[in-house]
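# Per-entry structural report
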Amino acid sequence: KLFPCIYQQHFFTIANQLARGYKLITEREERIDAMQIFLIAGEKSRAASAFPEAQFFFARGIFLIRDEVDWKDNYRMCVDCYSKAAETAALTGDYEKMDEWLNIVLLRSKELDDQLRAYYIRVKALASQAEMEPAVDVGLEAMKLVGVKMPSRNVLMHTLFDLAKTRCLMKRKCVEDLLQLHPIEERHMIPALRLMNLLCTISASGKRTLCPLICFKSVQLNMKYGMTEGMPASIALYGALLLRFGFSITEAAKYSEIATTLQQRLGYKETIANVTMLTYGIVFPFTKPLSDCLKPLPDACMAGLEYGDVMHGLRCLSCYAWITYHSAGQPLPQFVNTIHRFSKYSIEYNSTSTLLALKVFVQVCANFMGSTGASPNPANLVGDHFDLDAVSSESLCKTHMLLLEQTQLMQIILGYFFGDYEKAWIASENLRATGATSFAGLMFPHFLAFYRGLTALAQWDILRSRNFMKVAKSCLNELKIGQKNSPINLSHSYYLLKAEYSVAKKKHGLAERFFSLSIRHAEEGKVLHEQALACERFGFYYLRRNNHEAAYEQIRAAYELYRKWGGRAKSESLKKKISPSC
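Residues numbered from 1 in each chain as written. Predicted model: local features only at pLDDT ≥ 70, side-chain atom pairs only at ≥ 80, totals over all residues. Heavy atoms only, no water.

A separate point is the pattern of salt bridges. In the structure shown here, the tally under the stated rule is 31 salt bridges. The shortest N-O distance in the salt bridge between E536 and K570 comes to 3.3 Å. Of this pair, E536 sits in helix α28 (residues 528–544) while K570 sits in helix α30 (residues 568–578), and the two are 34 residues apart along the sequence. A network of salt bridges, in which partner residues are shared, links R76, D80, E111, D113, D114, R117 and R187. (Salt bridge = Lys/Arg side-chain N within 4 Å of Asp/Glu carboxyl O. Helix = DSSP H or I, 4+ residues; strand = E, 2+ residues; numbered from the N terminus.)

Shown next, in the form of structure tokens:
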């Protein structure tokens with residue numbers, strides 16, 4: 001026995017020495033003491049993000065569990081050793097060991113909350129491998145243990161019923177009302193609701209038809225059983241789903257504000273990443289300037305990694321990347337450096353979908369910058385960082401539909417900016433063929449409407465097919481709705497598409513007015529690349545009107561803005577294109 005101060009000071013020295021001779025520890029009392037030390041060493045290592053070391057210590061503790069007596073007399077320690085070892089193995093990518101240890105927990109556990117915890121680890125591990133549908137299946141099977149079942153038929157009818165029930169339940173609820181909910185008393189419902197909250201998120205990529213129903217059930221269960229750490233995230237998702245079902249931005253934002261306030265007031269650190277992703281990554285981009293949504297996302301990512309919510313922490317990075325690009329929140333070189341800094345977390349935590357999403361943006365930036373790894377033809381989403389041609393749509397559909405849709409949108413953007421309108425149009429049609437429903441109700445469809453509409457008008461100018469004008473008109477109508485919901489972020493896009501449509505209709509007075517409005521709103525929003533695009537298109541409009549002086553002024557402004565943004569390849573492309581004309 002050591003004095004406590006010496007024990008604490010030299011704890012890891014003691015643990016490492018015991019680990020070197022763990023096979024020689026045979027006396028029962030010594031084994032139990034060593035197990036306790038290995039368990040604490042594993043917990044301390046995991047808290048420091050030293051996951052291989054944590055798994056090493058947990059595995060040593062498991063080796064010392066010998067017989068039924070250990071499970072009977074030291075049940076909690078045995079379950080903790082196996083559960084924490086499995087959870088850590090998932091983080092290191094050792095899924096074979098994870099399954100082995102979880103199977104033992106499920107076989108020997110005597111308490112329902114321990115079984116639910118084991119299922120939670122397995123579901124999260126499947127999700128990290130982009131196995132979304134199996135993850136949802138496992139999670140729903142586990143929820144049957146607490147009497148929560150999902151319908152196999154008439155899912156839409158059940159969803160609409162539960163939507164109405166949840167809206168009635170949450171009507172007129174404010175933060176203070178929710179703070180008065182009593183703490184949950186049924187112990188087994190804590191891991192059950194934690195699992196339900198996880199299923200809310202992964203079902204959006206796995207079984208999307210069940211996602212709203214799972215969310216509504218989660219909110220109802222929280223209201224029934226009491227406050228849990230997952231409740232802010234459930235309310236945040238509920239707000240995001242209201243957008244998807246076509247309810248007002250005001251109502252959705254109300255629940256996002258409630259979720260954020262609950263999170264802050266209650267101090268539930270484990271769900272910071274999830275709540276931030278759903279609010280600042282999905283709802284607040286409608287109500288706040290996109291640049292204001294950026295700062296909380298990296299902080300939430302780090303919180304997620306620190307407190308064990310790795311999946312949502314990494315998804316905060318994906319949200320950060322797309323908001324930064326679309327808001328021009330950073331010059332391209334700085335943006336690329338930020339992505340490279342964050343990409344190491346995707347590698348460390350074996351998140352292939354997040355890593356692919358970040359690589360898409362790195363490749364897009366490289367093409368715009370003309371930097372190392374860029375495609376010889378910058379209109380192609382191909383290069384050293386990401387190759388769209390090498391990643392089949394079928395494989396992306398199976399792993400991450402959201403990533404497929406995001407990738408196709410970035411191909412449309414590259415094609416349009418670099419003048420390959422046919423490639424942009426093909427990508428646009430590919431995206432339309434998928435249904436592009438993963439982002440329904442969010443900002444994504446409005447970004448898609450903007451670039452699809454511009455591409456359709458560019459194709460109409462070349463081919464003069466009425467179909468392109470119909471598509472452009474449809475996109476304009478959709479973007480008008482978006483501009484009404486989020487004038488602060490979508491006005492410049494709407495006015496630019498309106499200007500190009502007016503040019504096609506030969507309404508030159510309106511076209512000049514809308515070009516000017518687009519440039520002004522983009523400048524106010526500090527959206528450099530789309531301000532540059534508006535100036536470029538206005539310049540080429542003047543060229544076609546033989547007003548060379550005005551054309552030079554606008555195109556020169558576009559050139560400078562592209563350079564300021566960091567798009568050297570784009571600015572040089574523009575320079576070559578206009579040299580004979582201006």
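After that view, the rundown keeps rolling.
Before going further, it helps to examine the packing of helix α4 (residues 51–63) against helix α6 (residues 75–92). Packed helix pairs are specified by the crossing angle of their axes together with the interaxial distance, meaning the distance between the axes. Running from amino to carboxyl end, α4 crosses α6 at an angle of 150°, the nearest separation of the two axes being 9 Å. Our classification of the angle between α4 and α6 gives roughly antiparallel. Handedness of the crossing formed by α4 with α6: left-handed. Here α4 contributes F51, P52, A54, Q55, F58, G61 and I62 to the contact with α6, which in turn contributes C81, Y82, K84, A85, T88, A89, L91 and T92. Along the lines of polarity and charge, the residues of the contact of α4 with α6 split into 10 nonpolar, four polar and one charged. (Axes fitted to C-alpha atoms, helices over the stretch in contact; angles between N-to-C directions. Parallel < 35°, antiparallel > 145°, perpendicular 65-115°, else oblique. Left-handed = near helix turned anticlockwise from the far one by under 90°. Contact = heavy atoms within 4.5 Å. Nonpolar A, V, L, I, M, F, W, Y, C, P; charged D, E, K, R; others polar.)

One pass over the full model with this rule turns up 32 aromatic pairs. Between Y280 and F284, the aromatic rings sit 4.9 Å apart at their centres with planes inclined by 75°, giving edge-to-face as the arrangement. Residue Y280 and its partner F284 are located together in helix α16 (residues 272–287), separated by four residues, close to a single helical turn. On the basis of an interplanar angle of 45° and a centroid distance of 5.8 Å, the ring pair of F515 and Y541 is categorised as tilted. (Phe/Tyr/Trp six-rings, centres within 6.5 Å; stacked < 30°, edge-to-face > 60°.)

A word on the environment of Q55. Relative to the assigned elements, Q55 resides in helix α4. On the basis of relative accessible area, Q55 is assigned to the buried category, the value being 13%. Measuring from C-alpha to C-alpha, the distance between Q55 and A34 comes to 15 Å, with 21 residues separating the pair along the chain. (Buried < 20%, exposed > 50% of the residue type's maximum accessible area, 1.4 Å probe, protein only.)

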